[in-house]
Amino acid sequence: WPDSNRCVRSGRLAPERERRPAWHAARMIDIVFCVKRRPELSAEEFGRYWLEQHALLVESHAETLGILRYSQHHTIDTPLTDVLRAGRGCAREHFDGMALISFDSLDALQAAAATPEGVAAGIELLEDERRFIDLERSMIWFTDHEPVRG
């Protein structure tokens, strides 16, 4: 895994990490979930439900699933978004928000999700997501993260 095992910190290359692929199961990982609201919901209804209802459900299952951190990032409506996109040549794709869910590792997530309690929690969370998220138009993936600042 050439040079993918190096990262830049303070203008210098950090010492090489143990040789393993970036997705290795023992690394801390995140789920990034870019969400679009269901078409029948206003942005306000979507945001309120996500924060006031779904967040509580996630919190109720956090220990069962081994969730270390859960944060919601709600899209704000500002003309600066168009300026930011245009300056970078980005697509005009719009998401209503992004959730970031952190776990100790893929191994830890898989072990927790495989228990009867973990399976039940996953089903309940997915059923709730279907109430307010347009899952077919949303995007989700795993990442590891390299702190650069903060």
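Residues numbered from 1 in each chain as written. Predicted model: local features only at pLDDT ≥ 70, side-chain atom pairs only at ≥ 80, totals over all residues. Heavy atoms only, no water.

Participant: Talk me through the sheet that holds strand S3 (residues 29-35); I want residue IDs and the actual numbers.
Facilitator: Read across the sheet, four strands follow the order S4-S5-S3-S6 without closing on themselves; strand pairing throughout is antiparallel. In this open sheet, the two edge strands, each paired with only one partner strand, are strand S4 (67-74) and strand S6 (139-144). Taken pair by pair, the neighbouring strands of this sheet meet at an average axis angle of 15°, ignoring direction. In this sheet, strand S5 (residues 97-103) lies alongside S3 in antiparallel orientation, the contact comprising seven bridges. The residue bridging Val32 from the neighbouring strand is Leu100, located in S5. In this fold helix H3 (residues 106-114) packs onto S3, S5 and S6, with an angle of close to 70° to the strand it touches most, S3. (Pairing = 2+ DSSP bridges. Helix = DSSP H or I, 4+ residues; strand = E, 2+ residues; numbered from the N terminus. Axes fitted to C-alpha atoms, helices over the stretch in contact; angles between N-to-C directions. Contact = heavy atoms within 4.5 Å.)

Participant: Please give an account of helix H4 (residues 116-132) that cites residues and values.
Facilitator: Residues three or four positions apart in an α-helix share a direction because the helix packs 3.6 residues into each turn. With 17 residues, H4 ought to run about 24 Å at 1.5 Å a step, and its terminal C-alpha atoms sit 26 Å apart, in line with that. If you check which residues of H4 are buried, you get Gly118, Ala121, Leu125, Asp128, Glu129 and Phe132. Across the axial projection of H4, the buried residues extend over an arc of 105°, all falling on one side. Facing away from the buried side of H4 by more than 90 degrees, the exposed set consists of Pro116 and Arg131. (Expected span 1.5 Å × (residues − 1). Buried < 20%, exposed > 50% of the residue type's maximum accessible area, 1.4 Å probe, protein only. Arc of directions from axis to C-beta.)

Participant: Account for the pattern of salt bridges, with residues named and values stated.
Facilitator: Across all of its chains, the model carries eight salt bridges by this definition. With a shortest N-O distance of 2.4 Å, Arg37 and Asp96 are connected by a salt bridge. Of the two residues, Arg37 is situated in the loop between S3 and helix H1 (43-65) and Asp96 in the loop between helix H2 (80-88) and S5; the sequence distance between them amounts to 59 residues. Note on Asp96: relative accessible area 11%, which makes it buried. Its salt-bridge partner being Asp82, residue Arg85 comes within 3.9 Å of it at the nearest N-O pair. Placement of both Arg85 and Asp82 in helix H2 is noted, with a separation of three residues, approximately one turn of the helix. Taking the relative accessible area as the measure of exposure, Asp82 reaches 37% and is therefore partly exposed. (Salt bridge = Lys/Arg side-chain N within 4 Å of Asp/Glu carboxyl O.)

Participant: For the nonpolar core, give the residues involved together with the corresponding values.
Facilitator: In this structure, Val35, Phe46, Trp50, Ile67, Ile101, Phe103 and Ile133 are the most contacted members of the largest nonpolar core, which totals 20 residues. Among the elements of the structure, S3, H1, S5, H3 and H4 are those that each provide at least two residues to this core. By residue number, the principal contributor to this core is H1, which donates six residues. (Core = buried A, V, L, I, M, F, W, Y, C linked by side-chain atoms within 4.5 Å.)

Participant: I'd like to hear about the packing of H3 against H4, residue by residue, with values.
Facilitator: Put simply, H3 and H4 touch, their axes get as near as 4 Å, and they point 90° apart. Relative to H4, the element H3 is oriented roughly perpendicular. Here H3 contributes Ala112, Ala113 and Ala114 to the contact with H4, which in turn contributes Pro116, Gly118 and Val119. Of the residues assigned to the contact of H3 with H4, the class counts are five nonpolar, one polar and no charged. (Parallel < 35°, antiparallel > 145°, perpendicular 65-115°, else oblique. Nonpolar A, V, L, I, M, F, W, Y, C, P; charged D, E, K, R; others polar.)

Participant: Lay out the pairing of S3 in plain terms, naming residues and giving numbers.
Facilitator: Among the seven residues that make up S3, seven are buried, leaving the element largely enclosed by the rest of the structure. What you see with S3 is no split at all: Ile29, Ile31, Phe33 and Val35 on one side and Asp30, Val32 and Cys34 on the other are buried throughout. The pairing of S3 with S6 spans six bridges and is classified as antiparallel. The residue of S6 that forms the bridge with Ile29 is Asp144.

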